[in-house]
Amino acid sequence: MNIAVVGLSHKTAPVEVREKLSIPEPQMESAIAHLCSYPHIEEVAILSTCNRLEIYIVTRETEQGIREVNQFLAEHSKLPIPALRQHLFVLLHQDAVMHVMRVAAGLDSLVLGEGQILSQIKQTHKLGQQYNGIKSILNKLFKQAITAGKRVRSETSIGTGAVSISSAAVELAQMKVQNLAACRVTIIGAGKMSRLLVQHLLSKGAVEITILNRSRQRAEELVSQFSQVTLQIQPIAEMMATVAMSDLVFTSTAATDPLLDRAKLEAALEPNRSLMVFDISVPRNVHADVNGLENVQAFNVDDLKAVVAQNHASRRKVAMEAEKLLEEEVAAFDSWWRSLETVSTIRCLWDKAEAIREQELEKALSRLGSEFAEKHQEVVEALARGIVNKILHDPMVQLRAEQDIEARRRCMQSLQMLFNLDTREAI
């Protein structure tokens, strides 16, 4: 078995490509089922965020498995494989293991140390299990990655300061307008990223914030978390009227089609009315054509790089500390992975011992007579099973725990020879 990851991120593909490959949560079940239907893919997990799409697989035939993932991505995105391939990266086993650890720790994020990615890794793990894509190997890998992400955040200061897409967007807005307190701000969306937007806007001095969302209840839930200030709520039907009265607009929704485009803004805005729009959604909520309007400035997640560059400089030393912790977690996973080669030998030895136990138990009970056998069979069976378990326990534990690869293989060969084991039958 081999582990591989095929994907693309903010480092390899622009937002207009990433949005074509984005897999919303309602489509996750069918996407996992589709990938699992390929003959060379044994396990699969899909990580889809605004900055990346990564497909983790376990496969016996690495080249064929990767080819099947590429085929899926081409079908899903409706992009030809040659056009798609220039944006994709492929990482195999050890590199794939280290990569998911780095992602979980926020070391591969647009905003170094981003906290939200760890919850997204957890959701990927949960959905992969729920939709039968994740089995034993990816289950262990993602659990180890989640542990790694938690360790990095608790044992280093990587998570201090502005560490989310939302905070970077607010910092970019502050760089552009200087005084957020004088701006009328509208946020379209009421999810987690919108909550973070409100939190960071308030910390930077914004005082006039309006929330627009399709579900008023969801908007009210968001507003209730900030009882110390007054936030306005408007129905989505009033979106263009509210936007027209705003100085800054932030969009963060799961909509698959643009909510704002040139035609809508041109019709809603008064002549010479200035507007800045910060779109942190993938797929984008704001059409690229709005940049054709003279007094409108639109920014998307790829425009946050100037803010991010400042954060990276101050966090580089902390990131180096985090990398050392990740090496420990990779080593722990690698130790577990190498122990898997003992499974066939252990299973074969156990099966042989069980077959002997059952055979000898049957002989003993037949000699004792039916009256004794019926009365004491459970006791005799427990005795036989206990003896087998105790005899096999130490060899099995020691074999799994052996860290030296060559020593472990010599032990397996000795067991196979001494007990005449055919491990091919146990695979």
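Residues numbered from 1 in each chain as written. Predicted model: local features only at pLDDT ≥ 70, side-chain atom pairs only at ≥ 80, totals over all residues. Heavy atoms only, no water.

Just checking my understanding: could you explain the packing of aromatic side chains for this structure?
Any two aromatic rings considered together are summarised by their centre-to-centre distance and by the angle between their planes. Tallied over the full model, the rule gives five aromatic pairs. On the basis of an interplanar angle of 80° and a centroid distance of 5.4 Å, the ring pair of Tyr-56 and Phe-142 is categorised as edge-to-face. Of this pair, Tyr-56 sits in strand β3 (residues 52-59) while Phe-142 is found in helix α7 (residues 136-155), placing the two residues 86 residues apart along the sequence. An identical accessibility class is assigned to Tyr-56 and Phe-142; each is buried. One aromatic cluster in this structure is built from Phe-250, Phe-278 and Phe-299. (Phe/Tyr/Trp six-rings, centres within 6.5 Å; stacked < 30°, edge-to-face > 60°. Helix = DSSP H or I, 4+ residues; strand = E, 2+ residues; numbered from the N terminus. Buried < 20%, exposed > 50% of the residue type's maximum accessible area, 1.4 Å probe, protein only.)

What should I look at first to understand a nonpolar patch on the surface in this one?
On the surface, Leu-383, Ile-387 and Ile-391 cluster together to form a nonpolar patch covering roughly 310 Å² of accessible area. Residue classification places Ile-391 among the exposed positions, given a relative accessible area of 57%. (Patch = residues over 30% accessible without salt bridge, like charges linked within 9 Å, V, L, I, M, F, W, Y side chains within 5 Å. Areas by Shrake-Rupley, 256 points an atom, 1.4 Å probe, with all protein chains shown as cover. Salt bridge = Lys/Arg side-chain N within 4 Å of Asp/Glu carboxyl O.)

Just checking my understanding: could you explain the UniProt feature "active site" (unreviewed entry) in the protein chain for this structure?
UniProt feature "active site" (unreviewed entry): in the numbering of this structure it lies at Cys-50. Positionally, Cys-50 belongs in the loop between β2 (43-48) and β3. What makes Cys-50 buried here is its relative accessible area of 13%. Once residues within four sequence positions are removed from consideration, Cys-50 is found in contact with Arg-18, Ile-165, Ile-280 and Val-282. (UniProt positions renumbered as here; feature names shortened; annotations may be inferred. Contact = heavy atoms within 4.5 Å.)

So what exactly am I meant to see when it comes to the UniProt feature "domain: Quinate/shikimate 5-dehydrogenase/glutamyl-tRNA reductase" (unreviewed entry) in the protein chain here?
With numbering aligned to this structure, UniProt lists the feature "domain: Quinate/shikimate 5-dehydrogenase/glutamyl-tRNA reductase" (unreviewed entry) at residues 171-307. For residues 171-307, helix accounts for 32% and strand for 20%, while the C-alpha atoms at its two ends are 7 Å apart.

Just to check I follow, could you spell out helix α8 (residues 165-177) for this structure?
In an α-helix, one turn spans 3.6 residues, which is why side chains three or four residues apart end up on the same side. Here α8 is 13 residues long and its end C-alpha atoms lie 18 Å apart, about the 18 Å a rise of 1.5 Å per residue gives. Those residues of α8 that fall on the buried side of the exposure criterion are Ile-165, Ser-166, Ser-167, Ala-168, Ala-169, Val-170, Glu-171, Leu-172 and Ala-173. Gln-178 lies just past α8 and shows a positive phi near 70°. (Expected span 1.5 Å × (residues − 1).)

Just checking my understanding: could you explain the sheet that holds strand β5 (residues 184-188) for this structure?
The strands making up a sheet associate through hydrogen bonds between their backbones, and the pairing can be parallel or antiparallel. Pairing within the open sheet is parallel, and its six strands lie in the order β7-β6-β5-β8-β9-β10. The open sheet terminates on both sides in strands that have one partner only, identified here as β7 (232-235) and β10 (296-299). Adjacent strand axes in the sheet meet at a mean angle of 20°, parallel and antiparallel pairs treated alike. Its contacts with the sheet put helix α9 (residues 192-203) on β5, β6 (208-213) and β8 (248-251), and the angle it makes with β5 is roughly 165°. Against the sheet, helix α10 (residues 216-224) touches β6 and β7, its axis set at about 150° to β6. (Pairing = 2+ DSSP bridges. Axes fitted to C-alpha atoms, helices over the stretch in contact; angles between N-to-C directions.)

I tried to follow the confidence of the model for the protein chain on my own but got confused; where do I start?
Taken residue by residue, the protein chain gives an average pLDDT of 89. The fraction at 70 or more is 96%. The weakest mean pLDDT in the protein chain belongs to helix α16 (residues 405-418) at 79; the strongest belongs to β2 at 98. (pLDDT = per-residue confidence, 0-100.)

I tried to follow unusual backbone geometry on my own but got confused; where do I start?
The omega torsion across Val-282 and Pro-283 is 0°, close enough to zero to call that bond cis. Its identity as a non-glycine residue notwithstanding, Lys-78 has a phi of 60°, on the positive side. One can find Lys-78 in the loop between α3 (62-77) and α4 (81-85).

Explanation requested: the nonpolar core in the structure shown.
In globular proteins that are soluble, nonpolar side chains generally tend to be buried together. Ranked by internal contacts, the top residues of the largest apolar core, which has 39 residues, are Ile-165, Ile-187, Leu-201, Ile-211, Leu-248 and Phe-250. Counting residues per element, this core draws most heavily on α8, which supplies six residues. Residues within four places of Leu-248 in sequence aside, it is in contact with Ala-173, Val-177, Leu-180, Cys-183, Arg-184, Val-185, Thr-186, Leu-275, Met-276 and Phe-278. Ranked by size, the runner-up nonpolar core spans 37 residues in total, among them Ile-3, Val-58, Leu-138 and Ala-148. (Core = buried A, V, L, I, M, F, W, Y, C linked by side-chain atoms within 4.5 Å.)

What exactly am I supposed to notice about the domain arrangement of the protein chain here?
Where the parts come together, the accessible area they lose is often given as the size of the interface. Here the protein chain is described as being made up of domain 1 (2-161), domain 2 (165-304) and domain 3 (338-419). In this structure, domain 1 and domain 3 have C-alpha centres spaced 40 Å apart. (Domains from an automatic or database assignment.)

What is the right way to read the environment of Lys-264 from this model?
Looking at the secondary structure, you find Lys-264 in helix α12 (residues 262-268). According to the relative accessible area criterion, Lys-264 is partly exposed, its value standing at 34%. For Lys-264, the residues in contact, after removing those within four places along its chain, are Met-240, Pro-258 and Leu-259.

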